[in-house]
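Topology and contacts: notes
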Amino acid sequence: MPSTTSTACDLNADFLHLRDGLPPEIERAKQAGDLKRALRLIDAALADDARAELAPLLRAERCRIMRTPQEYCITRDQALAAMRKEIASFSTDELDALVNRGRIDWRMVDGEMRFLPSWMDSLRFYPAEVPGIHSPESRNLAARDALLAEMRENGVAARRITLRAHIRPLVDVERNGVVRAWLPVPASCPQQSRIEILDATPGVRVAPEDAPQRTAHWESRGAGRRGFEVTYRYDIRAQYVSPDQIACSGEQPTFDLGEEEPHIVFTPYLRRLTERVTSGCSTPLERARAIYDWICENVDYRFQPPYLLLDSLADSAAKSLRADCGVFATLFITMCRIAGIPARWQSGLSVRPDGVGCHDWAMFYIAPHGWLWADCSFGSAARREGDEDRREFYFGNLDPWRMVANCQLFAQLDPPDLALREDPFDNQLGEMSVDGVGLTRHQMERTVGLVSMERLEPVARGH
């Protein structure tokens, strides 16, 4: 987690203070969508020495308010027009009903309700609620099911994966402008080994394998306009376990049990929820399963804005019952820690034979066995699709179609990125700054492509 002392000039560290609470007049202006008024009030408060302790929160909130119209940029009229291209009779009442059911995320901007560009993609997961909407392209579930069957049969599945990542700015860069870039690369973790950097744009600096958010980094004057690229290879091995057969000690270790502001926080609501969900469980493993089952059963997938726009991820997800993969993972980690079960973050990429995408999931520790995994996002999707075997699989297990770059939510990069990051909390596709100003996702091009995936011999290894 970014330090509040050693990184005083780190703009990302300001986000540690999101739960401090805004002055009420600023909060009211923000919630009403009067963003210009909110910005004026923030600037006045920042100039007030009597409120100096609020400065980190105010700076963070200023960044969030500036970013909000960029992300929530679809008006109601635009949304209705887009939906009517697929469903000609779609009405305003139907739109309002979907908003009220939490299927569409929204914010007030300049006094008007605005949606994310991904609002229709979230609805496509639930076609029964929007009859006539085009369903998403069918996922390659047959290949995934074959992979899970391979793990069950052999006790392990392993792959050697080669990926190529690229990042470049989409903004003008002065001739001598300083361009810095960070691309995620595989980190040392229980699943991954034989990590190799095969090729990279000259001048690369690669962080240690145990970095909490591992990257390849460049700093260049002018030449950075062309972007940066890295190709890497790693082995990833996923062992299959049947959680019901794991011996479980009543006592758990004391690591990875604490709060981590601003998202892994033991709010009163989450404490009450966790107590109810785990009531009647006699072992840590039973408590972890009860938490996984509750999340997969009750929380639905919905695309999220950049995490810097979100308040406490776990608490918000438990109340809204909406999440993406990272929010699912944070909720599971937080509830496990409240229940006395050590839990950690992992994130990076989902690497399928037919494509690569961002993904997050969780680890949890059961003594004396060791680390296990939970992918509540995949578990919730399996429940939605009526596949109980796949839902059960992702409690205790992961598939090897992954690249792990990060083992901590909200960690500084190496070397540090002191400019405001596109995502201060996670790093899946990379970060970039020009002359000390961080770029948003709209200001850079980031791609990751699969070069090759080889099946390795199924030789199991111990934990």
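Residues numbered from 1 in each chain as written. Predicted model: local features only at pLDDT ≥ 70, side-chain atom pairs only at ≥ 80, totals over all residues. Heavy atoms only, no water.

1. Here we look at the overall build of the protein chain
- Broken down by element type, the protein chain carries 13 helices and 18 strands.
- For the protein chain, whose C-alpha radius of gyration is 22 Å, the value lies close to the compact-globule estimate of 23 Å for 463 residues.
- By principal-axis analysis of the C-alpha atoms, the protein chain measures approximately 60 × 55 × 50 Å.
- For the protein chain, with 463 residues in total, the buried portion stands at 54%.
- Residue pairs in contact within the protein chain that sit at least 24 positions apart in sequence constitute 74% of those at least 6 positions apart.
- Carbon together with sulfur atoms contributes 48% to the accessible area of the protein chain, which is approximately 19,700 Å² in total. (Helix = DSSP H or I, 4+ residues; strand = E, 2+ residues; numbered from the N terminus. Rg over C-alpha atoms; globule rule 2.2 N^0.38 Å. Buried < 20%, exposed > 50% of the residue type's maximum accessible area, 1.4 Å probe, protein only. Contact = heavy atoms within 4.5 Å. Areas by Shrake-Rupley, 256 points an atom, 1.4 Å probe, with all protein chains shown as cover.)

2. Digging into the pattern of salt bridges
- In total, this model carries 50 salt bridges according to the counting rule given.
- Between Glu 385 and Arg 384 there is a salt bridge, and its shortest N-O distance comes to 3.9 Å.
- A salt bridge links Arg 390 to Asp 387; the nearest nitrogen and oxygen atoms lie 3.4 Å apart. (Salt bridge = Lys/Arg side-chain N within 4 Å of Asp/Glu carboxyl O.)

3. Observations concerning the confidence of the model for the protein chain
- For the protein chain, mean pLDDT is 94; residues scoring 70 or higher make up 96% of the total.
- Counting interchain partners and residues more than four positions distant, the pLDDT-below-50 stretch residues 1-8 has 16 contacts. (pLDDT = per-residue confidence, 0-100.)

4. Some thoughts on the nonpolar core
- Among the nonpolar cores identified, the biggest contains 75 residues, and Ile 295, Leu 331, Phe 332 and Phe 364 are the most heavily contacted of them.
- Of all hydrophobic cores here, the second largest spans 25 residues; its members include Val 173, Ala 181, Ile 195 and Met 432. (Core = buried A, V, L, I, M, F, W, Y, C linked by side-chain atoms within 4.5 Å.)

5. Points about the sheet that holds strand β5 (residues 178-184)
- Across the sheet, which stays open at both edges, the five strands sit in the order β7-β8-β5-β16-β17 with antiparallel pairing between neighbours. Each having just a single partner strand, β7 (205-206) and β17 (437-438) make up the two edges of the open sheet.
- Looking at chain direction, β7 and strand β8 (residues 215-221) are connected through two bridges and run antiparallel. Considered in β8, the bridge of Arg 205 is made with His 217. (Pairing = 2+ DSSP bridges.)

6. Remarks on the sheet that holds strand β12 (residues 343-352)
- Taken in spatial order, the four strands of this open sheet run β14-β13-β12-β15, and their pairing is antiparallel. With one partner strand each, in any of the chains shown, β14 (370-374) and β15 (402-406) form the two edges of the open sheet. Averaged over all pairs of adjacent strands, the angle between their axes in this sheet comes to 40°, without regard to strand direction.
- In this sheet, β14 lies alongside strand β13 (residues 355-366) in antiparallel orientation, the contact comprising five bridges. Pairing of Ala 362 across the sheet is with Ala 374, part of β14.
- Along the sheet face, helix α11 (residues 325-338) touches β12, β13 and β14 and points at about 5° away from the line of β13. (Axes fitted to C-alpha atoms, helices over the stretch in contact; angles between N-to-C directions.)

7. Description of the pairing of β13
- With nine of its 12 residues buried, β13 lies for the most part within the structure.
- Note: β12 against β13, 10 bridges, orientation antiparallel. Following the sheet pairing, Trp 345 is matched in β13 by Ala 362.
- What sits between the antiparallel neighbours β12 and β13 is a turn of two residues.
- Turn length for the β13-β14 hairpin, with the two strands adjacent in sequence and antiparallel, is three residues.

8. A look at the packing of helix α8 (residues 268-277) against helix α9 (residues 284-298)
- Running from N to C, α8 and α9 cross one another at 110°; their axes reach a closest spacing of 9 Å. Accordingly, the angle class assigned to the pair α8 and α9 is roughly perpendicular. Taken together, the residues of α9 that come into contact with α8 (itself represented by Leu 273, Thr 274, Arg 276 and Val 277) are Ala 290, Ile 291 and Trp 294. (Parallel < 35°, antiparallel > 145°, perpendicular 65-115°, else oblique.)

9. Focus: the environment of Asp 210
- The topology assignment puts Asp 210 in the loop between β7 and β8.
- Given the relative accessible area of 61%, Asp 210 is considered exposed.
- Considering only alpha carbons, one finds Asp 210 and Arg 271, 61 residues apart in sequence, at a separation of 32 Å.

10. With respect to the packing of helix α2 (residues 35-46) against helix α3 (residues 55-71)
- Where α2 contacts α3, the axes come no closer than 10 Å and their chain directions differ by 160°. On the basis of the axis angle, α2 is roughly antiparallel to α3. The crossing of α2 and α3 is left-handed. When α2 is examined against α3, the residues Leu 35, Ala 38, Leu 39, Ile 42, Asp 43, Ala 45 and Leu 46 are found in contact with a partner set consisting of Ala 55, Leu 58, Arg 59, Glu 61, Arg 62, Ile 65, Met 66, Thr 68 and Pro 69.
- The residue makeup of the contact of α2 with α3, split by class, is 11 nonpolar, one polar and four charged. (Left-handed = near helix turned anticlockwise from the far one by under 90°. Nonpolar A, V, L, I, M, F, W, Y, C, P; charged D, E, K, R; others polar.)

11. Quick look at the packing of aromatic side chains
- All chains considered together, the criterion is met by 17 aromatic pairs.
- The interplanar angle of 15° and the centroid separation of 6.1 Å between the aromatic rings of Tyr 240 and Phe 393 together place this pair among those described as stacked. Residue Tyr 240 is found in the loop between β9 (228-239) and α8, and its partner Phe 393 is found in helix α13 (residues 388-393); the two are separated by 153 residues along the sequence.
- Taking relative accessible area as the criterion, Phe 393 reaches 2% and is therefore assigned buried.
- With 5.2 Å between their ring centres and 20° between their planes, Phe 364 and Phe 395 make a pair best called stacked. (Phe/Tyr/Trp six-rings, centres within 6.5 Å; stacked < 30°, edge-to-face > 60°.)

12. With respect to the state of the cysteines
- A full pass over the atoms with the stated rule returns zero disulfides.
- Unpaired in terms of disulfides, Cys 358 finds its nearest cysteine sulfur in Cys 325, a separation of 7.7 Å.
- There is no disulfide at Cys 407, and the cysteine sulfur nearest it, in Cys 189, is 8.4 Å away. (Disulfide = S-S within 2.5 Å.)

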